[in-house]
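Okay, here's what each chain looks like letter by letter:
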Amino acid sequence: KGGTGKSSVVTLMANTLKRRGYSVFVLDADESNPGLYRMFGFDKEPKPLMALLSRFSPEGPNPDTKWITREQITSQDIPSEYILELNGLKFLTVGKIVDPFQGCACSIADINRGLVAKLVLKDKELMLVDTEAGVESFGRGVERSVDTVLIVVEPSFESLALAEKIAYMAEGMGTGRVRAILNKVSSEQVKQRMIEELYKKNIRPIGIIYHDPHLSEAGFEGTALGESKATLDMEVITDQLLQESE
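Everything numeric in this text was worked out from a predicted model, so none of it was measured.

Some remarks on the packing of aromatic side chains
Then step 1. Scanning all chains against the criterion turns up three aromatic pairs.
Then step 2. Look at Phe42 and Phe91: their rings are 5.9 Å apart centre to centre, the planes differ by 45°, and that puts the pair in the tilted class. In this pair, Phe42 is assigned in the loop between helix H2 (36-39) and strand E2 (84-86) and Phe91 in strand E3 (residues 89-93), connecting sequence segments 49 residues apart.
Then step 3. Overall, the relative accessible area of 13% leaves Phe42 in the buried class.
Then step 4. For the pair Trp67 and Tyr82, a centre-to-centre distance of 5.7 Å together with 50° between the ring planes defines the contact as tilted. Of this pair, Trp67 sits in the loop between H2 and E2 while Tyr82 sits in the loop between H2 and E2, placing them 15 residues apart in sequence.
Then step 5. A residue is classified by how much of its surface remains accessible, and Trp67, at 2% relative accessible area, is buried.
Then step 6. Members of the aromatic cluster, each reached through a chain of ring pairs, are Phe40, Phe42 and Phe91.

If you want it as structure tokens, here you go:
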């Protein structure tokens, strides 16, 4: 659901994984929300992957498209202009729909799906994909090649209902792990009710992020996420995910 805190969760998890010694790729696959790169402390975005499509490239036809058509892609294959790198984190973005009549995002989703499917990760390398809100990316098959789908759930009926639909689509796609991260939790009572509702929907919670005003402030200011209570919550979640993957 839009507004649950997907981008904040991706940022917190990527930063935690870096501290655990991982090289992390973050793919901003949301064609709408503009601010993910700021959460990592970057002052600009890299060249968007949508520039590989001539109709989305302000520079005209792009001759450097062979790398995206390979059967397997390594981090060394991706041209440097498409990546921003900082302290072991590599940031890529699909790009944003910014103009009227710019066209639908289906061909952009093809790039997302292809990159996620073909990227060959080495030991201690991980990719986090920040998808758009809702289920459209599942309809496009972007998640087909991932091994874990994380559903960010806030305390609302709409969020829990959409979580059930996402879990259904992910499992139908053959995803091995579907987990829920509870976000913006204000009390133990709210936490317990959310957990009960998720288990009724056969969704396993992996962890809880309690309400943290620092996240809201950083989101409002468009600044990098600093250390806060949510950082400690995310460390517990990330370690649990790493244990499961092992």
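Details of the pairing of E3
Then step 1. Within E3, five of the five residues are buried, which leaves the element mostly enclosed by the surrounding structure.
Then step 2. Residues Leu89, Phe91 and Thr93 line one face of E3 and the alternating positions Lys90 and Leu92 line the opposite face, and both faces are buried.
Then step 3. Relative to E3, E2 runs antiparallel, the two sharing three bridges. The residue of E3 that forms the bridge with Leu86 is Leu89.
Then step 4. The turn joining E2 and E3, which pair antiparallel and follow one another in sequence, is formed by two residues; a positive phi near 50° is taken by Asn87.

Rules and cut-offs
- Residues numbered from 1 in each chain as written.
- Predicted model: local features only at pLDDT ≥ 70, side-chain atom pairs only at ≥ 80, totals over all residues.
- Heavy atoms only, no water.
- Phe/Tyr/Trp six-rings, centres within 6.5 Å; stacked < 30°, edge-to-face > 60°.
- Helix = DSSP H or I, 4+ residues; strand = E, 2+ residues; numbered from the N terminus.
- Buried < 20%, exposed > 50% of the residue type's maximum accessible area, 1.4 Å probe, protein only.
- Pairing = 2+ DSSP bridges.

Purely spatial values, then, with no claim about function.
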